[in-house]
Amino acid sequence: MKLWVNGGLHDEEDARVSVLDHGLTVGDGIFETVKTERGETFALTLHLERLGRSARGLGLPDPDLDEVRHAVAAVIDANPMELGRLRITYTGGVSPLGSERGDSGAGLVVALGETSRRADSTAVITVPWTRNERGALTGLKTTSYAENVVALARAREQGATEALFANTVGRLCEGTGSNVFVVVDGRILTPPVSSGCLAGITRALAVEWTGAEEADLPLDVLESAEEIFLTSTLRDVQGVHRVDGRELTPAPGPVTAKAMRIFDERAARDRDPRLA
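(A) Quick look at a nonpolar patch on the surface. Taken together, the side chains of Val19, Leu20, Leu24, Val94 and Leu97 make up a nonpolar region of the molecular surface, amounting to roughly 500 Å² of accessible area. With respect to the helices, strands and loops of the structure, Val94 is situated in the loop between strand E5 (83-91) and strand E6 (107-114).

(B) How the structure looks around the packing of helix H5 (residues 201-210) against helix H6 (residues 254-269). At a minimum axis distance of 10 Å, the contact between H5 and H6 shows a crossing angle of 105°. Here H6 runs roughly perpendicular to H5, going by the angle between their axes. Between H5 and H6, the contacting residues are Thr202, Leu205, Ala206, Trp209 and Thr210 on the first element and Ala259, Ile262, Phe263, Arg266 and Ala267 on the second. Residue composition of the contact of H5 with H6, by class: seven nonpolar, two polar and one charged.

(C) Quick peek at unusual backbone geometry. With an omega of -10°, the peptide bond running from Thr249 to Pro250 counts as cis. Mapped onto the secondary structure, Pro250 falls in the loop between strand E15 (246-247) and H6. Positive phi outside glycine occurs at Ala43, with the angle close to 60°. Within the secondary structure, Ala43 sits in the loop between strand E4 (40-41) and helix H2 (44-58). Phi at Asp244 takes a positive value of approximately 55°, unusual for a residue other than glycine. The topology assignment puts Asp244 in the loop between strand E14 (236-243) and E15.

(D) Layout of H6. Compared with an ideal rise of 1.5 Å per residue, which puts 16 residues at 22 Å, H6 spans 23 Å between its outermost C-alpha atoms and is within 8% of the ideal. Among the residues making up H6, those that are buried are Thr256, Ala259, Met260, Phe263 and Ala267. Buried residues of H6, seen end-on, are gathered within an arc of 100° and therefore sit on one face of the element. Within H6, the exposed residues directed more than 90 degrees away from the buried face are Pro254, Ala268 and Arg269.

(E) Local environment of empty space enclosed by the protein. All told, the structure shown has one cavity of 30 Å³ or more when counted by the stated rule. As for the largest cavity, its lining consists of Lys35, Phe42, His47, Ile201, Thr202 and Thr233. Broken down by class, the residue content of the lining of the largest cavity amounts to two nonpolar, three polar and one charged.

(F) Representation of the nonpolar core. If you look at the biggest cluster of nonpolar residues, it comprises 23 residues, and the most contacted ones within it are Val72, Leu86, Ile88 and Val110. Elements supplying a minimum of two residues to this core: strand E3 (29-37), H2, helix H3 (65-78), E5 and E6. The contact partners of Val72, leaving out residues within four places of it in the chain, are Thr41, Leu44, Leu86, Ile88 and Val110.

(G) Focus on the layout of surface pockets. In this structure, the largest pocket spans a volume of roughly 1200 Å³. Lys141, Tyr145, Thr176, Gly177 and Ser178 are the residues nearest the centre of the largest pocket, which is lined by 48 residues in total. Breaking the lining of the largest pocket down by element, the ones donating at least two residues are E3, H2, E5, strand E7 (121-131), helix H4 (146-157), strand E9 (172-175), H5 and strand E13 (227-232). Looking at side-chain class alone, the lining of the largest pocket contains 10 nonpolar, 25 polar and 13 charged residues.

(H) Focus on the sheet that holds E5. Strands sit in the order E2-E1-E6-E5-E3-E4 across an open sheet of six strands; the sheet is antiparallel. Each having just a single partner strand, strand E2 (8-11) and E4 make up the two edges of the open sheet. Helix-sheet contacts for H2 involve E3, E4 and E5, and the interaxial angle to E3 is about 175°.

Criteria and cut-off values
- Residues numbered from 1 in each chain as written.
- Predicted model: local features only at pLDDT ≥ 70, side-chain atom pairs only at ≥ 80, totals over all residues.
- Heavy atoms only, no water.
- Patch = residues over 30% accessible without salt bridge, like charges linked within 9 Å, V, L, I, M, F, W, Y side chains within 5 Å.
- Areas by Shrake-Rupley, 256 points an atom, 1.4 Å probe, with all protein chains shown as cover.
- Salt bridge = Lys/Arg side-chain N within 4 Å of Asp/Glu carboxyl O.
- Helix = DSSP H or I, 4+ residues; strand = E, 2+ residues; numbered from the N terminus.
- Axes fitted to C-alpha atoms, helices over the stretch in contact; angles between N-to-C directions.
- Parallel < 35°, antiparallel > 145°, perpendicular 65-115°, else oblique.
- Contact = heavy atoms within 4.5 Å.
- Nonpolar A, V, L, I, M, F, W, Y, C, P; charged D, E, K, R; others polar.
- Expected span 1.5 Å × (residues − 1).
- Buried < 20%, exposed > 50% of the residue type's maximum accessible area, 1.4 Å probe, protein only.
- Arc of directions from axis to C-beta.
- 1 Å grid on protein atoms, 1.4 Å probe; cavity = no way out; pocket = protein on both sides within 12 Å on 5 of 7 lines; lining within 4 Å.
- Points joined across faces, edges and corners; volume = space filled by probe spheres on them.
- Core = buried A, V, L, I, M, F, W, Y, C linked by side-chain atoms within 4.5 Å.
- Pairing = 2+ DSSP bridges.

Here is the structure:
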């Protein structure tokens, strides 16, 4: 693997960032994950727009998006593969040992790893921990991901691939790395961004392309919803066949299957879509 690290391509064995980088010492960084297929990115412009929003929300300098695009192209060209997970990481750079940032400038790392197509449906669990819908990092895609690591490990222990959170007032929020949709009375519903969930790129496209609606939902909607599905960069639209101990059959259900088909067709027609 060849990676882009702070200005140039490096072999995996030689790619280095400082141990004093703020992204390492205090998690002061942001990132985007972009799907690549046969050397072509999907929704790169939307991802870069969110990268800029996250940087501003964290107080980092605006990333040079021309440089990021150049780095992305270089890494893709150097690592040919059928289906890939492209990771763009932007950090506070070398800083003192503490929360205060230094003045050395931001760091940029771009890496690409091979992945495989997700299954059409999966199992999920709910976890007892909450998302803080009023936190300083709410809505930002930051590298402060430890609570997701803990929750996802719990899901794996229970034979699931995702863990779903409520927020501090008991409303359905999101997964560790996905947004969640439910089908109720034939309507596709998803928690609003005000719930504390990340404004997912795939979420936004799925809402626009399928006619889904935002709705403030109790966590226990998962106990009665006709269908449940997840969206994320690498899942696209993925059905849920089990939530905690509840089995949903068939999975994907008819509404989810239609959403999957619509998303696949629209994504195939436009590899760099915009939102209306």
